[in-house]
Amino acid sequence: MSLSGVCVTAVESRPAGVIGTSQSPSHRPFGARVKAFVALTKPRIIELLLITTVPVMFLAEQGVPDLGLVLLTCVGGYLSAGGANALNMYIDRDIDALMDRTSQRPLVTGMVSPRECLAFGITLAVVSTLLFGLTVNWLSAWLSLGALLFYVVVYTMILKRRTSQNIVWGGIAGCMPVLIGWTAVTNSLSWAPVVLFMVIFFWTPPHYWPLSMKVKEDYARVGVPMLPVMASNKVVAKQIVIYSWVMVAVSLLLTPLGYTGWFYTVVALAAGGWWLWEAHALQNRAKAEVTGAKLKEMRLFHWSITYVSLLFVAVAVDPFLR
């Protein structure tokens, strides 16, 4: 299922004084600065993480969980993921300055300085861990901190610039909110969150690789060996299909294990079936050597977000229909 890892040399940073100095403090309005610090947390990505956290709390409770606990878990999760994303931008500021899709990030434009970003990320990490530990439970706190460290150290610092399998293993950090949501309610682990953890694990590569196919020139320019940079569209599409089949199969395990009923099963089958249709359609276009806009790789990327949203809504609704 995986290709052999490929090592590359990390790109050199721009000359000192280029990144993060395009604007002097006097030309950084307060409102714009606030927006910049919010942007460091990557809110759109965190929305997706919360979609996988809250429904699991409903499943763990087999009903409506304590809403105060839900709020604290969401706030803690946002702060933790936001800290991880800020530290990711601090580490990747050299390549962000050279990629079109990241050229307007706060460190690149100079709206936030590297030192400010580093302090901001560390502060969010500390505050989120303490918030989880003191108001939710310490198991959730350690899982949250573990996810942050995995994303920053294992993915950003070690895997991202060294192997085409970076997103496969680095995606583990994005699976952790499922475990955090369950432990926030039960202060323990069970097979249900493990199954959903594996769903997100196998979902992440076929979710991200289509986007990487779209912007592979960006990644190639900075020496980041995303799979679409290192392999042909045919190879990437084949990997997407393989991961997709495993993902759908794993998603169906919750019902025979006794955690969900008919509603979740119907949604998982319907959404999974449509996903597989789109994945095979992308593979067929890749086999036909279709390129450019006609490859339509972003169709699967956009559907992947809809898929995970539908699946986890079904996770939350199912306990009320059993």
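Since the model is a prediction, treat every value here as computed from it, not as a measurement.

Let us now look at the pattern of salt bridges. Here the structure, examined in full by the defined rule, presents nine salt bridges. Between Arg 221 and Asp 100 there is a salt bridge, with its nearest N and O atoms 3.8 Å apart. Here the residue Arg 221 occupies a position in helix H11 (residues 216–222), and Asp 100 occupies one in the loop between helix H4 (93–96) and helix H5 (106–109), the gap between them amounting to 121 residues. For Arg 221, a relative accessible area of 45% translates into the label partly exposed. For Asp 100, a relative accessible area of 57% gives the class exposed. Close ionic contact of Glu 278 with Arg 299 constitutes a salt bridge, the shortest N to O distance being 2.7 Å. Taken as a pair, Glu 278 in helix H14 (residues 262–287) and Arg 299 in helix H15 (residues 297–317) lie far apart in primary sequence, 21 residues in all. Given a relative accessible area of 4%, Glu 278 falls into the buried group. One network of salt bridges, with partners in common, ties together Asp 92, Asp 94, Lys 160 and Arg 161.

Before going further, it helps to spend a moment on the environment of Gly 77. Tracing the sequence through the fold places Gly 77 in helix H3 (residues 67–91). In this structure, the C-alpha to C-alpha distance between Gly 77 and Gln 239, residues 162 residues apart in sequence, is 31 Å.

All right, on to unusual backbone geometry then. Residue Asn 187 is not a glycine yet carries a positive backbone phi of 55°. Counting through the fold element by element, Asn 187 comes out in the loop between helix H9 (172–186) and helix H10 (191–214). On the basis of relative accessibility, which here comes to 46%, the residue Asn 187 falls in the partly exposed class. Unlike most non-glycine residues, Glu 289 shows phi in positive territory, near 60°. Inspection of the secondary structure puts Glu 289 in the loop between H14 and H15.

With that out of the way, let us pick up the environment of Leu 254. Mapping Leu 254 onto the fold places it in the loop between helix H13 (233–251) and H14. Along the chain, Leu 254 and Trp 142 lie 112 residues apart, while their C-alpha atoms are 26 Å from each other. Ignoring sequence-local partners within four residues, the contact set of Leu 254 consists of Ala 192, Val 195, Leu 196, Tyr 259, Thr 260 and Tyr 264.

Orientation of H13 relative to H14, taken along the N-to-C sense of each, is 170°, at an axis distance of 9 Å. With respect to their mutual orientation, H13 and H14 come out roughly antiparallel. Together, Asn 233, Lys 234, Ala 237, Lys 238, Ile 240, Val 241, Ser 244, Trp 245, Met 247, Val 248 and Ser 251 of H13 and Tyr 264, Ala 268, Gly 272, Trp 275, Leu 276, Ala 279, His 280, Leu 282, Gln 283, Ala 286 and Lys 287 of H14 make up the contact between the two elements. Looking at the contact of H13 with H14, its residues break down into 13 nonpolar, six polar and three charged.

What follows covers the packing of aromatic side chains. For the coordinates displayed, the defined rule picks out 12 aromatic pairs. For the ring pair Trp 275 and Tyr 307, a centre distance of 5.1 Å and an interplane angle of 65° mean the geometry is edge-to-face. With Trp 275 in helix H14 and Tyr 307 in helix H15, this residue pair connects regions lying 32 residues apart in the sequence. Relative accessible area serves as the criterion here: at 0%, Trp 275 is assigned to the buried category. Taken together, the aromatic side chains of Trp 169, Phe 201, Phe 202, Trp 209 and Tyr 243 make up a single cluster linked through ring pairs.

About the cut-offs
- Residues numbered from 1 in each chain as written.
- Predicted model: local features only at pLDDT ≥ 70, side-chain atom pairs only at ≥ 80, totals over all residues.
- Heavy atoms only, no water.
- Salt bridge = Lys/Arg side-chain N within 4 Å of Asp/Glu carboxyl O.
- Helix = DSSP H or I, 4+ residues; strand = E, 2+ residues; numbered from the N terminus.
- Buried < 20%, exposed > 50% of the residue type's maximum accessible area, 1.4 Å probe, protein only.
- Contact = heavy atoms within 4.5 Å.
- Axes fitted to C-alpha atoms, helices over the stretch in contact; angles between N-to-C directions.
- Parallel < 35°, antiparallel > 145°, perpendicular 65-115°, else oblique.
- Nonpolar A, V, L, I, M, F, W, Y, C, P; charged D, E, K, R; others polar.
- Phe/Tyr/Trp six-rings, centres within 6.5 Å; stacked < 30°, edge-to-face > 60°.

In short, shape yes, function no, at least from these values alone.
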